[in-house]
Amino acid sequence: MNDETSDVAALYQPYPNILQKRDITSDPLAIALNDYSKKAYQSALAKLNDISPSNDTIRFYSGLCHFSLGQLDQSISSLEKLSPQSIFYEQSI
């Protein structure tokens, strides 16, 4: 990481899991976001990647997982796929 990237990483606060559900036993997205909430980013990312079809929620949290893992190019790639109408768009720019 360069100095600028280190500065951004030092200031970064994980975005909350706004889709928390009571029962996470059968919903793949809820299971993935539960891992995200526990800062198990690699596990969350693997689970998000297994969900098809992809949508803005999956792209947004995948981008955040990549960012938290220091995978900045992949993070940018995921976040750039968000539509401007997405509820996550403003948080992604």
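Figured I'd write up the structure that's included with this text. (Residues numbered from 1 in each chain as written. Predicted model: local features only at pLDDT ≥ 70, side-chain atom pairs only at ≥ 80, totals over all residues. Heavy atoms only, no water.)

So, about the overall build of the protein. In terms of helices and strands, the protein carries 6 helices and 0 strands. Seen in sequence order, the protein has helices and strands lined up from the N terminus as α-α-α-α-α-α. For the protein, buried positions account for 32% of its 93 residues. As presented, the protein carries roughly 6000 Å² of accessible surface, and 50% of it is formed by carbon and sulfur atoms. (Helix = DSSP H or I, 4+ residues; strand = E, 2+ residues; numbered from the N terminus. Buried < 20%, exposed > 50% of the residue type's maximum accessible area, 1.4 Å probe, protein only. Areas by Shrake-Rupley, 256 points an atom, 1.4 Å probe, with all protein chains shown as cover.)

Take the environment of Ser75 next. Along the chain, Ser75 falls in helix α5 (residues 72-80). For Ser75, a relative accessible area of 3% gives the class buried. Remark: the alpha-carbon pair of Ser75 and Leu64, spanning 11 residues in sequence, is separated by 6.5 Å. When residues no more than four places from it in sequence are discounted, the contact partners of Ser75 are Gly63, His66 and Phe67. (Contact = heavy atoms within 4.5 Å.)

Counting residues in hydrophobic clusters, the biggest one holds 17 residues, and the most contacted among them are Leu29, Tyr36, Leu48, Phe60, Tyr61 and Cys65. Secondary-structure elements contributing two or more residues to this core are α2 (28-37), α3 (41-50) and α4 (56-68). Tallying contributions element by element places α4 first for this core, with 5 residues. Once residues within four sequence positions are removed from consideration, Leu48 is found in contact with Leu29, Ala32, Ile58, Tyr61, Ser62 and Cys65. (Core = buried A, V, L, I, M, F, W, Y, C linked by side-chain atoms within 4.5 Å.)

Moving on: the layout of surface pockets. The space that makes up the largest pocket amounts to roughly 190 Å³. Around the largest pocket sit Tyr12, Gln13, Tyr15, Phe60, Leu64, Ser75, Ile76, Leu79, Gln91, Ser92 and Ile93, which together line it. Elements represented by at least two residues in the lining of the largest pocket include exactly α4, α5 and α6 (89-92). With 3 residues, the single largest contributor to the lining of the largest pocket is α5. Looking at the lining of the largest pocket residue by residue, the classes come out as 7 nonpolar, 4 polar and no charged. (1 Å grid on protein atoms, 1.4 Å probe; cavity = no way out; pocket = protein on both sides within 12 Å on 5 of 7 lines; lining within 4 Å. Points joined across faces, edges and corners; volume = space filled by probe spheres on them. Nonpolar A, V, L, I, M, F, W, Y, C, P; charged D, E, K, R; others polar.)

This part is about the environment of Ser62. You can see Ser62 is positioned in helix α4. When its relative accessible area of 5% is taken as the criterion, Ser62 is described as buried. With 30 residues separating them in the primary sequence, Ser62 and Ala32 have C-alpha atoms 9.9 Å apart. If we skip the residues at most four places from it in the chain, Ser62 touches Leu45, Leu48, Asn49 and Ser78.

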